[in-house]
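Close look at the chain arrangement
Okay, here's what each chain looks like letter by letter:
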Amino acid sequence: MTGDHAATAVFAPSDDIVDHAKIDSAKYEEMYKASIDDPEAFWGEQGKRLDWIKPYSKVKNTSFAPGNVDIKWFEDGTLNVSANCIDRHLKDRGNQTAIIFEPDDPNEPAKYITYSQLHVAVCRMANVLESMGVRKGDRVVIYLPMIPEAAYAMLACARIGAIHSIVFAGFSPDALSARINGCDAKVIITADTAPRGGRKTALKSNADAALLHCKDSVKCLVVKRTGDQTTWIDGRDYDYNEMALEADDYARPAEMNAEDPLFILYTSGSTGQPKGVVHTTGGYLLYAAMTHEYVFDYHDGDVFWCTADVGWVTGHSYIVYGPLANGAITLMFEGVPTWPDASRFWEVCEKHKVNQFYTAPTALRALMGQGNAPVEKCDLSSLRILGTVGEPINPEAWNWYYNVIGQGRCPIVDTWWQTETGGHMMTPLPGAHALKPGSAMKPFFGVKPVVLDPQTGEEIHSYPTEGVLCIADSWPSQMRTVWGDHERFEKTYFSDYKGYYFAGDGCKRDEDGDFWITGRVDDVINVSGHRMGTAEVESALVAHAKVAEAAVVGYPHEIKGQGIYCYVTLMNDAEPSEELRKELRQWVRTEIGPIASPDVIQWAPGLPKTRSGKIMRRILRKIAENDFDSLGDTSTLADPSVVDDLIENRAK
Ligand code: WTA
């Protein structure tokens, strides 16, 4: 089972990397042990990385007990996130770049925003929001492209104590309105249009469409990105650029409790509609900052580039909050890896002399397919650390990343974590661990991963072993609740395996005790590193008038990691056709967004169901994987013959 890992190549860090690193292997062992033996003392000390308005006297007060899950860190301390990310750096690095903005079009000049400029921009945006009636605790939805104003908006909310909820700019108006209503937002911040990959998304008109389904009182703040014409509703729409010019350039940072919510971020789960993951102020920021520094071995003056979008948690923690809390230089890229051509990422690395580069395996696989020439024409000598996130990385992509991008010089930190965890949970540290391609290796400080037997729920102490991955104790940036539904929080993460946080992933632990994530064990699929609930795609499909029933599963996809495979049963009076297939694909894009586009739609006259009516997804997964020999027992099905039909007509 794990024997295959015994032959795994191991890549020890070079002396250069170890000598430069803040954490070597001895230091890792010492700090990890301290963090587990006495979390109070460890985190009490680490908490000093932040500037507190009122220092905390209590560090950890957490319980995973069934029926009483309650997580509090630094509960009597007060602070402000934007002051920690900006104000405290002004004295020493006011003139240092905070954000490098690289626009979609390589011919448009990059922008370099210093900490002082960031301070002014964020204060102005905070004052604009206040003038629109936003107060502490109010929710603000941010629906912006990857432009500096997205960071200003996040930090402006944090400054006045409003809770932001970012909706990825690739989401449809329907998905957007569901999220605006879900958190009862007072304001949505958007932009006119958003250039990406040489094309433009009409963000404002998406917002207009979404707002038709929201309360009349929701206001819309519009950032000018392209200057394209948009419709305008007086009294509802506000012009950010005009208002910012008038706004005062100072706003006092609100005093927030460590446990006040900082943001809500909707993410897909195995059942129902996306849930609003709630992160709070103190623990989240501390953990984002600390992981950013140690996992990427960030040193003052380094240029750090995380290619994620701020619409995902990776963008929250590793474009904005972690780096800025550390006074770092963080790069924000508006474009895509393959436009104008497959050199773009590497040209940006060369242009801005990037030191740490953090991306997703799906992007690497897509670029690897374009050969080495687009890489070789660029000077990548500034790169020191590479990182991946979002899904397991296959050995081919790992090797290409290591040898072609990193030229055999740069450690790859394969970071396993989740929207729910707020920051990295398992990863090698560059100067501390020899790498095994595809392994997330070791827990970060304070993280207690355990492998449970999925049947008995008992901890497995021996290794090598395989089972479900749980976390035995709280860490500071753990999500605190599901917005408006604490019961769902408990049910989703703490009820299958009592007393543990259940991540939803399976894992192996090899003979050395290193961890390998094997993927989701629930009905969540991972498409290009983005989480998609099969239930969400199903409910989008059945909302179409011609669809009677739908079942969605993931299947292996060369570039995306997993693709979306849909079995669709049509209404009696509907005829299957190529046209209808296209229509359904478009329909799902409109309902959710392009990332939910079905890769395969197979017409299914019937779905395999148990006698009690439960769809047997296990069987559908096997058929989608073209694996017909291990379908398992089909005799309990209400109508076993549907399986033969599905196999016979499996989409080619
Ligand atoms: C998967 C993204 C393997 C995993 C930060 C997890 C990974 C889900 C890795 C969370 C990794 C993330 N190796 N799998 N390094 N990183 N995953 O919430 O299945 O968008 O549960 O957070 O992505 O996705 P999310």
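The rules behind these values
Residues numbered from 1 in each chain as written. Predicted model: local features only at pLDDT ≥ 70, side-chain atom pairs only at ≥ 80, totals over all residues. Heavy atoms only, no water. Helix = DSSP H or I, 4+ residues; strand = E, 2+ residues; numbered from the N terminus. Rg over C-alpha atoms; globule rule 2.2 N^0.38 Å. Buried < 20%, exposed > 50% of the residue type's maximum accessible area, 1.4 Å probe, protein only. Contact = heavy atoms within 4.5 Å. Areas by Shrake-Rupley, 256 points an atom, 1.4 Å probe, with all protein chains shown as cover. Lys, Arg positive; Asp, Glu negative; His and termini not counted. Charge placed at Lys NZ, Arg CZ, Asp CG, Glu CD. UniProt positions renumbered as here; feature names shortened; annotations may be inferred.

With that settled, the discussion passes to the overall build of the protein chain. A count of helical and extended segments in the protein chain gives 21 helices and 30 strands. The C-alpha radius of gyration computed for the protein chain amounts to 24 Å, which stays within 12% of the reference 26 Å derived for 652 residues, consistent with globular compactness. Expressed along its principal axes, the backbone C-alpha trace of the protein chain runs to roughly 75 × 60 × 55 Å. Across the 652 residues in the protein chain, those meeting the buried criterion constitute 61%. Look at the contacts in the protein chain between residues 6 or more apart in sequence, and 72% of them connect residues 24 or more apart. Surface summary for the protein chain: the accessible area is close to 24,500 Å², and the carbon and sulfur share equals 48%. Across the protein chain, the centroid of the 64 positively charged side chains sits 3 Å from that of the 90 negatively charged ones.

Moving on, we come to the UniProt feature "binding site: CoA" (unreviewed entry) in the protein chain. Residues annotated in UniProt with the feature "binding site: CoA" (unreviewed entry) correspond here to Arg196, Gly197, Gly198, Arg199, Thr314, Ser528 and Arg589. In three dimensions, the annotated residues from a span of 394 residues occupy distinct locations, with a maximal C-alpha spread of 24.1 Å. For Arg196, a relative accessible area of 43% corresponds to the partly exposed category. With residues near it in sequence (within four places) discarded, Arg196 still touches Asp104, Glu334, Gly335 and Val336. Counting through the fold element by element, Gly197 comes out in the loop between strand S9 (194-196) and strand S10 (199-201). Accessibility expressed as a relative area gives 19% for Gly197, which makes it buried. With residues near it in sequence (within four places) discarded, Gly197 still touches Asp104, Val336 and Trp339.

Another aspect to go through is unusual backbone geometry. In this chain, Trp339 is followed by Pro340 through a cis amide linkage whose omega measures -5 degrees. With respect to the element layout, Pro340 can be found in the loop between strand S17 (329-333) and helix H13 (344-352). Even without glycine at this site, Asp184 takes up a positive phi of about 55 degrees. By secondary structure assignment, the location of Asp184 is in the loop between helix H8 (173-182) and strand S8 (187-191). Using a relative accessible area of 39% as the deciding quantity, one classes Asp184 as partly exposed.

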